[in-house]
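# Chain and residue survey
This is what each chain is made of:
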Amino acid sequence: MKAIELEKTYNPKDFENRIYEQWVEDGNFKPCDSKEKPFVIVMPPPNVTGILHMGHALNNSLQDILTRYYRMTGRPTLWLPGTDHAGIATQNVVERQLAKEGLRRQDLGREKFVERTWQVKEKHHDIIVNQLKTIGASCDWSRERFTMDEGLSKAVRETFVSLYERNLIYKGLYLVNYCPHCGTALADDEVEHQEDVGHLYDVRYPFADGSGYITVATTRPETMFGDQAVAVNPDDERYKSLVGKMLKLPLTDREIPIIADSFVGIEFGTGMVKITPAHDPNDWECGKRHNLEPINILNPDGTLNDVCPEQFRGLPAKEARDLVAKTLEEQGYLVKCEEYKHEVGHCYRCNTTVEPYMSEQWFVRMRSMADKALKAWRDGEIHFYPKRWENTYSSWLENIRDWCISRQLWWGHRIPVWYCQDCGHMMVKREDPCCCEKCSSKNIKQDPDVLDTWFSSWLWPFSTLGWPEKTEDFKRFFPTSTLVTGYDIIFFWVSRMIMASLEFNGKVPFHDIYITGLVRDKKGRKMSKSLGNGIDPIDVVNLYGADAMKFTICYLATQGQDVLVDMDSFKLGSRFANKIWNATRYLLMNLEGRNLVKIDPAKFNAVDKWIYHSLNENILKVRTAIESYKFNEAAQAAYDFFWNDFCDWYVEASKLSLYTGDDAEKDRIVSILMDILAQSMKMMHPMLSFITEEIWSKLPNTEGKVITSMFPEYLESRKSPKEAQMMVAMQDLVRGVRNMRAELGIGAEKKLRMVVRLDKAGDLSKFMKDHVDLLKVFANSNELSIDDASSVDVSGAFPIAGMGFETYVFVRDAIDVDKEIARIETEIKKTQALLDVVNKKLSNENFLNNAKQEAIDKEKGKKAEFEEKIEKSQKHIDVLKSF
RNA sequence: GGGCGUGUAACUCAGCGGGAGAGUGCCACCUUCACACGGUGGAAGUCGUUGGUUCAAACCCAAUCGCGCCUACCA
């Protein structure tokens with residue numbers, strides 16, 4: 001056979017795109033036909049107008065590893081990709097574009113605006129899909145979905161109407177979170193609390209009868225125009241007598257009463273709270289208890305409306321606040337104003353301060369669904385990895401509140417509700433009606449609002465499979481297996497998917513939930529645009545390759561921990577891939593003139609047995625690790641095996657056969673090398689997909705593709721623990737000699753004569769004798785004898801202690817005797833310290849009585865080992881002294 | 001205010017009841033027949049602090065200090 005050539009340097013750009021296209025073309029990402037239980041992941045859909053960031057790279061890398069692994073176990077495997085229409089975010093993107101043209105969305109009108117948004121969506125969609133392809137995601141593009149697809153829209157409508165029919169959706173006038181910038185209501189969990197430095201104002205409210213005044217404390221004086229009362233705690237002795245008295249509201253003509261309500265804290269501030277039912281959640285509740293009419297003081301854009309005195313109208317809340325404070329001060333109402341830190345809600349999409357705002361909205365009644373979701377968890381139907389996230393899940397569900405699902409946006413699923421303009425009848429419909437079902441009037445109007453994006457996302461695991469139709473895919477792939485996502489959306493998404501699925505399918509949408517950490521920079525800061533500390537995954541791919549990125553992520557993805565990286569971090573994967581490339585290149589060069597032969601385990605020598613043993617153990621480690629979501633352990637096992645065992649020892653050892661063996665031996669060793677290499681490619685494929693596929697295609701002993709090959713099995717027959725132990729002794733010997741060379745500064749060019757003296761004849765001496773030529777190569781020796789009868793004269797030779805043997809090296813001239821003695825003495829000290837610990841244990845009756853027998857045996861073994869080492873070392877000092 | 005996580009080598013992190021590990025970085029030597037994105041060897045840690053449990057603790061428990069995150073209607 002001819003040698004096979006690989007490019008001299010590893011250059012992932014040469015093949016990554018080509019291989020990806022080939023995989024797609026050959027349908028390798030589609031589930032196979034096997035009857036086994038499918039493995040299914042639905043991809044958390046990225047925002048269609050966003051770009052891929054490291055967080056996506058992390059969770060998609062892990063999904064890819066799982067998908068590729070299970071695909072290689074022969075199960076039909078589906079990773080279903082898609083994108084999310086991201087209502088607010090996308091609308092913001094388009095409005096920003098319009099703003100550059102000096103336009104507002106109102107200038108275009110709803111229809112034109114939505115049309116334009118679809119165009120933007122199409123363009124951005126290709127970007128994000130290409131990015132996913134660039135990082136190597138092996139998802140089934142033929143099943144790709146978008147949350148505003150026809151099918152998914154149908155699912156949304158079915159859900160809405162069905163919930164309405166079950167009395168789980170209702171409409172009402174409530175105080176909701178409102179973003180004045182986005183101009184829409186938000187759900188509770190779409191509000192992010194951040195600490196703001198504001199002021200706490202103490203303001204005088206005079207009694208209407210002129211008999212003095214009281215003082216209230218507020219952080220938002222501008223809301224006073226909506227005040228309907230001042231409340232005190234009914235148990236507050238100071239104010240009991242004042243309850244029922246009327247106050248004159250400063251800057252206005254209105255009068256408001258003093259009321260008693262137990263929510264007021266006696267200790268806080270002045271113990272008196274102004275009640276503004278339309279602009280504070282507490283006050284809203286309080287207002288309901290006391291039948292106070294809420295007065296809305298804001299326009300939809302967050303400016304003060306006509307309810308307020310003229311000079312404040314049209315001002316944004318913050319500006320109004322300053323002016324109100326100033327006016328109050330001028331008129332003598334302001335008692336004091338001090339700096340005050342408090343948590344303020346901000347819009348999670350645009351970071352604008354959120355206003356509590358009274359408006360008519362649609363809500364989902366969550367309680368019953370939340371209870372079902374809690375039960376499913378308690379019954380063990382879902383498992384979080386790491387488990388601690390279950391607390392987050394359960395406490396959220398236990399304290400769940402109704403979900404505001406209407407958004408005052410144009411981009412999204414329009415609420416399927418129509419109002420008759422003539423008779424006022426309201427219709428909630430699966431199909432668009434053409435006229436009023438009650439009065440037959442054609443004058444009907446659809447609700448102008450759209451639904452919260454998460455109202456489509458919560459259906460994702462089944463709507464993407466065709467639900468509400470009972471499609472083949474739905475029947476075959478639902479429920480899915482595993483969800484991989486970040487902890488920041490356990491509320492938004494994970495728990496809601498579980499609720500929706502239980503409500504509509506009666507079962508959970510997935511069983512395992514792997515919660516990834518967040519990707520941060522090396523200082524532990526969240527990656528963000530504003531900090532400019534983000535890393536673009538595509539830059540990583542361009543610099544190091546997709547494999548390097550995925551492998552590095554896998555290596556660093558300790559279950560549940562945040563991943564801190566910078567550009568340099570990816571050297572880890574890059575160097576490993578480079579090593580694989582070069583080792584392969586070298587092995588393929590050696591095929592020249594060789595024939596591959598059948599591998600016969602009966603002909604294995606101890607070193608062959610060892611490498612198969614190690615491969616086998618590491619295959620098991622990788623399998624177990626991936627199946628239990630311990631990605632870092634999988635990466636480490638692959639890395640250690642390939643680099644440390646295979647490259648550093650086995651490939652080096654094989655050079656002896658390759659350069660000095662006869663043809664039969666050369667054929668045999670090359671065949672084994674190719675076999676280990678091929679199996680390594682399989683084992684590493686989930687983590688290093690492109691390079692393993694590229695190499696697989698070059699190997700002479702492989703067929704088809706590695707992506708569709710079977711993952712190596714763990715085989716009892718490959719276990720060779722005894723040989724593995726022998727190999728440890730050999731490595732021990734070799735390292736001892738290398739260390740001595742380095743210490744004495746003896747260059748590699750100088751071959752040395754050595755005697756390996758065994759403590760006793762036995763397996764180890766047989767092993768050494770069998771591999772004496774190999775030992776010579778590793779120890780760089782020109783003359784090496786195995787002496788198990790202590791018959792060779794070693795006087796004048798430099799001694800090195802080993803376990804069960806000693807190595808004598810004839811280097812008399814090169815030795816600095818004093819320095820060597822000092823070195824050995826330090827070693828004795830270290831060993832003596834270890835021995836002391838062991839002896840203390842072994843002379844401790846409590847230890848002997850209580851410890852496990854294994855532990856005792858192990859300590860005894862250690863004692864023997866340390867004693868042997870000290871004894872030998874001491875002898876060696878004597879030997880050196882005699883020089 | 002509650003909850004969770006975390007503090008191990010210069011840096012990023014594994015280990016989580018029985019001899020302190022990896023990658024990067026550092027030092028020395030080696031451009032020797034795939035790989036200098038390499039090889040060989042080496043230095044480097046009171047495992048945050050203090051108590052406790054245990055024959056045995058980086059690992060379990062308690063307290064404490066530092067950092068991070070989530071959650072909560074104190075105006």
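Quantities reported herein were computed from a predicted structural model and do not represent experimental measurements.

## Describing the overall build of chain A
Within chain A, the secondary structure is distributed over 27 helices and 29 strands. In summary, chain A has a C-alpha radius of gyration of 37 Å against a globular reference of 29 Å for 883 residues, an excess of more than 25%. Based on the C-alpha atoms only, the size of chain A along its principal axes is roughly 120 × 65 × 55 Å. Buried positions account for 56% of the 883 residues belonging to chain A. Counting contacts in chain A only where the partners sit at least 6 residues apart, residues at least 24 apart contribute 77% of the total. A total accessible area of about 39200 Å² is found for chain A, and carbon and sulfur atoms account for 48% of it. The average position of the 117 basic charges and that of the 132 acidic charges among the side chains of chain A differ by 2 Å.

## Thoughts on the confidence of the model for chain A
For chain A, per-residue confidence averages 91 on the pLDDT scale, and residues scoring 70 or more make up 99% of the total. Across the interface, the model reports ipTM at 0.94; the global pTM reads 0.92.

## As for the packing of aromatic side chains
Evaluation of the coordinates by the stated rule reveals 50 aromatic pairs. For the ring pair F641 and F646, a centre distance of 6.4 Å and an interplane angle of 15° mean the geometry is stacked. Per residue, the accessibility class of F641 equals that of F646, and both read buried. By the ring-pair criterion, three or more aromatic residues cluster together here, those being F551, Y555, F576, Y639, F641, F642, W643, F646 and Y650. Stacked on the ring of W141, the Lys or Arg K133 has its end atom at 5.3 Å from the ring centre. A cation over a ring is seen here: R496 above W403, with NZ or CZ 3.9 Å from the ring centre.

## Comments concerning the sheet that holds strand β14 (residues 355-364)
Judged by pairing direction, the sheet is antiparallel, and its four strands sit side by side in the order β6-β5-β14-β16 without closing on themselves. Edge positions in the sheet fall to β6 (184-186) and β16 (403-404), since each has one partner strand and no second. Sheet analysis places β14 next to β16, joined by two bridges and oriented antiparallel. The residue bridging V364 from the neighbouring strand is W403, located in β16.

## Some points on the environment of K429
For K429, the position within the fold is in the loop between β19 (426-428) and β20 (444-446). Taking the C-alpha atoms as reference, K429 lies 8.8 Å from E158; in sequence the two are 271 residues apart. When sequence neighbours within four positions are dropped, the list of residues in contact with K429 reads R157, V161, P416, W418 and E437. Only 3.0 Å separates the side chain of K429 from the side chain of E437, close enough to count as a polar contact.

## So, the protein's contact with RNA strand B
Inspection of the region around RNA strand B gives 51 residues, with G265, F268, Y586, F847 and F866 positioned closest. When atoms of RNA strand B within 4 Å of the protein are split into backbone and base, the sugar-phosphate part holds 63%. Side-chain polar atom of T558 to a sugar or linking oxygen of RNA strand B: 3.1 Å apart, as the coordinates give it. One of the side-chain N or O atoms of N844 is found 2.7 Å from a sugar or linking oxygen in RNA strand B. Elements represented by at least two residues in the surface near RNA strand B include exactly β8 (213-218), β13 (334-347), α17 (571-589), α19 (631-660), α22 (721-744), α25 (817-842), α26 (845-850) and α27 (853-881). With 10 residues, the top contributor of residues to the surface near RNA strand B is α17. In the surface near RNA strand B, the residues fall into 20 nonpolar, 14 polar and 17 charged.

What counts and how
- The residue numbers shown here count from 1 along each chain, following its written sequence.
- Written order decides the labels, with chains lettered from A and ligands numbered from 1.
- Side-chain atom pairs in this predicted model are given and counted only at pLDDT of 80 or more, local residue features only at pLDDT of at least 70, and totals for whole chains, interfaces and linings cover all residues.
- The basis for every side-chain value is the complete set of heavy atoms in the structure, and neither hydrogens nor water enter the calculation.
- Going along the chain from the N terminus, every DSSP run of H or I of four or more residues is numbered as a helix, and every run of E of two or more is numbered as a strand.
- As a reference, a globule follows 2.2 Å times the number of residues to the power 0.38, and the radius of gyration itself is taken over C-alpha atoms.
- Using a 1.4 Å probe on the protein chains alone, a residue whose accessible area is under 20% of its type maximum counts as buried, one over 50% counts as exposed, and one in between counts as partly exposed.
- Residue contacts follow a heavy-atom distance rule, with two residues in contact if any of their heavy atoms lie within 4.5 Å.
- For the accessible areas, the method is Shrake-Rupley and the probe is 1.4 Å, while residue cover comes only from the protein chains on display.
- Counting rule for charge: Lys and Arg are taken as positive, Asp and Glu as negative, and neither His nor the chain ends is counted.
- For charged residues, the charge sits on one atom: NZ in Lys, CZ in Arg, CG in Asp, CD in Glu.
- Confidence scores per residue from the predictor, reported as pLDDT, run from 0 to 100.
- For Phe, Tyr and Trp, where Trp contributes only its six-membered ring, two rings pair if their centres lie within 6.5 Å, and the inter-plane angle classes them as stacked under 30 degrees, edge-to-face over 60, or tilted in between.
- Two conditions define a charge sitting above a ring: the NZ of Lys or the CZ of Arg must be within 6 Å of the ring centre, and it must be within 35 degrees of the ring normal.
- Two strands form a pair only when DSSP identifies at least two bridges running between them.
- What qualifies as a polar contact is a pair of N or O atoms within 3.5 Å, subject to a donor-acceptor requirement within protein and to the restriction that residues adjacent in sequence count only when both atoms come from side chains.
- Summary of the distance rule: residues count as near a molecule or strand when at least one heavy atom falls within 4 Å of that molecule or strand.
- Amino acids are sorted into nonpolar (Ala, Val, Leu, Ile, Met, Phe, Trp, Tyr, Cys and Pro), charged (Asp, Glu, Lys and Arg) and polar (every other residue, Gly among them).

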